[in-house]
Amino acid sequence: MSGTRPGAGAFDAGAFDAGAFDPRASDPRASDAADRALDDALALANESRRTAAGAARPGGQDRNDPLSVALRHGRDDTAPTPEGPAPRPPVQGPAPAQAPAQPQRQPQPQPQTPLPSPADAVPWPEARRIARRVGRRLGSETRELGEDLLGMTLARALTALTDLPSFDSSAMDGWAVAGPGPWRLRGASVLAGQQRPAEPLLVGHAAPIATGAAVPTGTTAVLRSEHGWTQRRTDGEWLQVRSPHPAPAPGQEVRMRGQECRGGEELLPAGTVVTPAVLGLAAAAGYDELTVTVRPRVEVLVLGDELLDHGLPRSGRVRDALGPMLPSSLRALGAEVVAVRRLVDDADLLRRAVRESTADLVVTTGGTAGGPVDHLHPVLAALGAKLLVDGVAVRPGHPMVLAELPSGTHLIGLPGNPLAAVSGVLTLAAPLLRTLAGRPVPAPYAAPLTADVPGHPVDTRLVPVVFDDDSAARPLTYSGPAMLRGLAAADGMAVIPPGGARAGDDTAVLDTGALALAWGSGT
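As the structure is a prediction and not an experimental result, all values here were calculated from the model. (Residues numbered from 1 in each chain as written. Predicted model: local features only at pLDDT ≥ 70, side-chain atom pairs only at ≥ 80, totals over all residues. Heavy atoms only, no water.)

## Concerning the environment of Ala490
Part 1: Mapped onto the elements, Ala490 comes out in the loop between helix H10 (485-488) and strand S28 (492-496).
Part 2: A relative accessible area of 14% places Ala490 in the buried class.
Part 3: Residues Ala490 and Phe467, 23 residues apart in the sequence, show an inter-C-alpha distance of 8.2 Å.
Part 4: Setting aside residues up to four positions removed in sequence, Ala490 forms contacts with Pro464, Val465, Leu476 and Thr512. (Helix = DSSP H or I, 4+ residues; strand = E, 2+ residues; numbered from the N terminus. Buried < 20%, exposed > 50% of the residue type's maximum accessible area, 1.4 Å probe, protein only. Contact = heavy atoms within 4.5 Å.)

## Some points on the pattern of salt bridges
Part 1: One pass over the structure, following the stated rule, counts 11 salt bridges.
Part 2: One salt bridge in this structure joins Arg257 and Asp163, with 2.9 Å as the shortest N-O distance. You can see Arg257 sitting in the loop between strand S13 (254-255) and strand S14 (266-268) and its partner Asp163 sitting in the loop between strand S5 (158-159) and strand S6 (169-170), a full 94 residues away along the chain.
Part 3: For Arg257, a relative accessible area of 41% puts it in the partly exposed group.
Part 4: Here Arg232 ties to Glu237 by a salt bridge, and the two come within 3.4 Å at their closest N and O atoms.
Part 5: The exposed category is assigned to Arg232, whose relative accessible area is 66%.
Part 6: The exposure class of Glu237 is partly exposed, given its relative accessible area of 27%. (Salt bridge = Lys/Arg side-chain N within 4 Å of Asp/Glu carboxyl O.)

## What to know about the sheet that holds strand S21 (residues 386-390)
Part 1: Across the sheet, six strands lie side by side as S19-S16-S20-S24-S23-S21; this open sheet has mixed pairing. For this open sheet the edge positions go to strand S19 (336-343) and S21, each flanked by a neighbour on one side alone. Shown here is a sheet whose adjacent strand axes are inclined to one another by a mean of 20 degrees, direction ignored.
Part 2: Where S21 meets strand S23 (residues 401-404), four bridges bridge the pair, whose relative direction is antiparallel. Across the sheet, the residue bridging to Asp390 is Val401, located in S23.
Part 3: Sitting on the sheet, helix H6 (residues 322-332) touches strand S16 (297-303), S19, strand S20 (361-365) and strand S24 (410-414), and the angle it makes with S19 is about 165 degrees. (Pairing = 2+ DSSP bridges. Axes fitted to C-alpha atoms, helices over the stretch in contact; angles between N-to-C directions.)

## Section: helix H8 (residues 376-383)
Part 1: By the burial criterion, the buried members of H8 are Leu376, Val379, Leu380 and Leu383. An end-on view of H8 places all buried positions within 100 degrees of arc, on one side of the element. Exposed residues pointing more than 90 degrees away from the buried face of H8 are listed as Ala381 and Ala382.
Part 2: Once H8 finishes, Gly384 follows within two positions and takes phi at roughly 80 degrees, a positive value. (Arc of directions from axis to C-beta.)

## Side note on the sheet that holds strand S7 (residues 174-177)
Part 1: A sheet is described by the order of its strands in space; here six strands give the open sequence S10-S7-S9-S8-S12-S11, paired in mixed fashion. Edge strands, defined here as strands with exactly one partner in the open sheet, are strand S10 (221-224) and strand S11 (228-233). Strand after strand, the sheet turns through a mean of 35 degrees between neighbouring axes, direction not considered.
Part 2: Two elements, strand S8 (residues 183-185) and strand S12 (residues 236-241), share two bridges in a ladder whose sense is antiparallel. Across the sheet, Trp183 pairs through a bridge with Leu239, a residue of S12.

## Topic: the environment of Ser189
Part 1: As for its position among the elements, Ser189 is in the loop between S8 and strand S9 (205-209).
Part 2: For the pair Ser189 and Gly174, spaced 15 residues apart in the sequence, the C-alpha separation amounts to 9.8 Å.
Part 3: The contact partners of Ser189, leaving out residues within four places of it in the chain, are Gln194 and Pro208.

## Quick notes on the side chain of Thr293
Part 1: Relative to the helices and strands, Thr293 is located in strand S15 (residues 289-293).
Part 2: What Thr293 contacts, discounting residues up to four positions off in sequence, is Arg137, Leu138, Gly139, Ser140, Met152, Thr153, Ala155, Leu436, Ala437 and Gly438.

## Comments concerning helix H9 (residues 418-437)
Part 1: End to end, H9 covers just 25 Å across 20 residues, shorter than the expected 28 Å (1.5 Å per residue, more than 12% under).
Part 2: Maximum bend of H9: about 40 degrees, positioned at Val425.
Part 3: Buried residues dominate H9, accounting for 19 of its 20 residues.
Part 4: Directly after H9, the chain includes Gly438, whose backbone phi takes a positive value near 75 degrees. (Expected span 1.5 Å × (residues − 1). Bend = angle between axes of the 7 residues up to and from the residue.)

## A word on the packing of aromatic side chains
Part 1: Using the criterion set out here, one finds one aromatic pair in the structure.
Part 2: With centroids separated by 6.0 Å and ring planes inclined at 55 degrees, the aromatic side chains of Tyr445 and Phe467 adopt a geometry described as tilted. A residue pair is termed long-range when its members are at least 10 positions apart, and Tyr445 in strand S25 (residues 445-448) and Phe467 in strand S26 (residues 460-467) qualify at 22 residues.
Part 3: With a relative accessible area of 27%, Tyr445 lands in the partly exposed category.
Part 4: Over the aromatic face of Tyr478 sits the side chain of Arg485, whose NZ or CZ is 4.0 Å from the ring centroid. (Phe/Tyr/Trp six-rings, centres within 6.5 Å; stacked < 30°, edge-to-face > 60°. Lys NZ or Arg CZ within 6 Å of the ring centre and 35° of its normal.)

## Observations regarding the packing of helix H4 (residues 124-134) against H9
Part 1: Running from N to C, H4 and H9 cross one another at 25 degrees; their axes reach a closest spacing of 7 Å. Viewed along their axes, H4 and H9 adopt a mutual orientation that is roughly parallel. The two elements H4 and H9 cross, and the hand of that crossing is right-handed. Contacts from Trp124, Ala127, Arg128, Ala131, Arg132 and Val134 in H4 reach Leu426, Thr427, Leu428, Pro431, Leu432, Arg434 and Thr435 in H9.
Part 2: By residue class, the composition of the contact of H4 with H9 is eight nonpolar, two polar and three charged. (Parallel < 35°, antiparallel > 145°, perpendicular 65-115°, else oblique. Left-handed = near helix turned anticlockwise from the far one by under 90°. Nonpolar A, V, L, I, M, F, W, Y, C, P; charged D, E, K, R; others polar.)

## Considerations on the pairing of strand S29 (residues 506-511)
Part 1: By the bridge criterion, four bridges tie S25 to S29 in an arrangement that is antiparallel. Its bridge partner being in S29, Ala447 is matched across the sheet by Thr507.
Part 2: When S28 meets S29, the two strands line up antiparallel, connected through three bridges. Counted as the bridge partner of Met493 is Leu510 from S29.

## Topic: the side chain of His205
Part 1: Relative to the helices and strands, His205 is located in strand S9.
Part 2: Setting aside residues up to four positions removed in sequence, His205 forms contacts with Ala176, Val177, Ala178, Trp183, Arg184 and Arg186.

Shown next as structure tokens:
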């Protein structure tokens, strides 16, 4: 194994060769364009709700589609304009059934409107953009071809070392034939992997051949075994085409040299995530090792006096759900989790753990709000860290933090509630880890909602959904910030713009399958 690891906050040009560079990493304009293209796609325009009756706003934006709303956080879009209709009222939860009048009963209190986010909360799309842009791709290393490479990214393009296939071979078991039939059988069977070349075929001759075997010189086609039959005569054994099959056309059932690629041709670009198929392609192309971007090293600090690591929740204490869940999620995003540590609520312990960490990224859970034992903000201030994101306009997960440490590495503070923490992973950790690991920006996808989803007045909501047989997204219950029941059954998290979304609206969906041990990412 070879290679170097530059710090996450400092880019080491010497760790790469020219073929390893992603142009977006060195061209801010290209990076910005890619970032904004992703954000546009994540807030997919709801074409079905656009009408010819003045629905378009200047620049082609509809005030009510997810694209406009998600990208216009913090702007006053509540008043009607000459270019568009009055805004649609926000989606509300289901109205309670009307009961008969009961004068002696006290009126029930009405649900309160959710509190707006603080003025300094970063809009959700902007928080993702910040997280993508603060890091720099780490260095490269060369590793032996094998499963350890899964989930890493190619630091340089995968180029064909030879033609594939590197020789003309049979695609079927059958007979190699020369010229039109019938053919006289000559010679022994031609087998895959045999070292000695088969005897050349003369016109009118044939030889038995196995799938993958190099075809003899003079072969014009291969007749598959089920399409032919043999007959022994006084002058030898002859091969004929079995009726009603036609005679093989020239080149039929022959894998020609270079059919898949020619030597020197680029097979995969730099930045491709190594999947089982990539391993197979690299092996087929003759590679014994690959040059990949090193995995970002992540240390997880789980904070809280109230957490139990075994047994039933009891006496005001709860089981730690994030300790078991986060490491595998971070690994699926390309990270190497070097440590998972449990810390009690003590500012000195937290400050020492953050200061002494050598990881590229520190992820903490809990302690991000302003409670009496929420020590993260004072600790970051004492260490001289720079707050890049301090609160995000998203529910759940509003009190999440992204900071740059004096070492140039980064810290992400996740809320302590489990679903809120997952929201923080999707919002901050996934984009930052993608940059550090050299992973490409994923292509998000959209799905129509099967039901209305109430929205927060000013914040984006991330709601667990499951896909039905028609690939529509059905919102799941049990989606509170402390709940995991909905997420455990979910196929993804729907991005709900402020004000909510209605049944039939297209919405962007973040793939929570990317947080499992799969080799892709839609986060």
